[in-house]
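# Results of the structural survey
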Amino acid sequence: MVGAILTQSAAWTNVEKAIHNLKTAGMLNPASLRSFALEELAGVIHSCGYYNMKARKLKALAEWFSFEFSDNLEDLQQADPAVLRTSLLGVYGVGEETADSILLYACEKPVFVIDAYTRRIVDRLGFRVRGTKYSDYQSFFLAGLKTDIHLFNEYHALLVALGKTNCKKKPLCRTCCLADLCEKN
Ligand code: SF4
């Protein structure tokens, strides 16, 4: 869950540093996230940017986890995904992508995560998604893929990898594995 907040607008290497620092400081658990001062927490996660805001978000999420599930991961994982998503969206700093990342990775629910890489690749490939909302892109994938947590996990990871290596803001189409299929190319 911590990773889902820290990755907001941050490179993964910087998130890794922040997670390492949290571990070293003994803060990588909900009780510590709640009890440490906001400024102290912000200092520990400094590497991943927007650290003051992210520290507030982490505290809000840790409060929610205690209030709703008494810090019990098993109870969280057994909760109904739709109810959980609505509840998560009510937490400060949790938008659709963050909520779905928590559902997929922490709760092991078959939810397809949409991020900026996914939108960019789908658009450039030439698929016609009906609408521009998060839910429009999510429906596009859900209509075409078997509902399978491992498939969703792997699919998202591959899209992120392609977005980082080739389908960047300035795309490197010549070496892209999807070049033959791509409308933009
Ligand atoms: S061919 Fe270019 S635009 Fe198309 S998906 Fe690959 S990198 Fe992106």
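None of the values given here were measured: they were computed from a predicted structure.

## Concerning a nonpolar patch on the surface
- On the surface, a cluster of nonpolar side chains totalling about 320 Å² of accessible area is made up of Tyr 50, Met 53 and Tyr 92.
- Tracing the backbone shows Met 53 in helix α5 (residues 51–69).

## So, the site of the ligand
- Near the ligand, the surroundings consist of Arg 124, Asn 166, Cys 167, Pro 171, Cys 173, Cys 176, Ala 179, Cys 182, Lys 184 and Asn 185.
- Judged by the fraction of its atoms near the pocket grid, the ligand is located in the largest cavity.
- Here the residues of the shell around the ligand sort into 6 nonpolar, 2 polar and 2 charged.

## A look at helix α10 (residues 134–144)
- Of all the residues in α10, the buried ones are Tyr 134, Asp 136, Tyr 137, Gln 138 and Phe 141.
- The inward-facing, buried residues of α10 abut α7 (81–89), α8 (96–106), α9 (116–125) and α11 (149–165).

## Here we look at the pattern of salt bridges
- Taken as a whole and assessed by the stated rule, the structure comprises 4 salt bridges.
- A salt bridge links Arg 34 to Asp 71, with the shortest nitrogen-to-oxygen separation between them at 2.6 Å. Highlighted residues: Arg 34 in helix α3 (residues 30–35) and Asp 71 in the loop between α5 and α6 (73–78), separated in sequence by 37 residues.
- A relative accessible area of 27% means that Asp 71 is categorised as partly exposed.
- The salt bridge involving Arg 128 is made with Glu 183; its shortest N-O contact spans 3.2 Å. Highlighted residues: Arg 128 in the loop between α9 and α10 and Glu 183 in the segment after α11, separated in sequence by 55 residues.
- Salt bridges sharing common partners tie together Arg 85, Glu 96 and Asp 100.

Reading the values: rules and limits
Residues numbered from 1 in each chain as written. Predicted model: local features only at pLDDT ≥ 70, side-chain atom pairs only at ≥ 80, totals over all residues. Heavy atoms only, no water. Patch = residues over 30% accessible without salt bridge, like charges linked within 9 Å, V, L, I, M, F, W, Y side chains within 5 Å. Areas by Shrake-Rupley, 256 points an atom, 1.4 Å probe, with all protein chains shown as cover. Salt bridge = Lys/Arg side-chain N within 4 Å of Asp/Glu carboxyl O. Helix = DSSP H or I, 4+ residues; strand = E, 2+ residues; numbered from the N terminus. Near = heavy atom within 4 Å. 1 Å grid on protein atoms, 1.4 Å probe; cavity = no way out; pocket = protein on both sides within 12 Å on 5 of 7 lines; lining within 4 Å. Sits in = over half its atoms within 2 Å of the grid points. Nonpolar A, V, L, I, M, F, W, Y, C, P; charged D, E, K, R; others polar. Buried < 20%, exposed > 50% of the residue type's maximum accessible area, 1.4 Å probe, protein only. Contact = heavy atoms within 4.5 Å.

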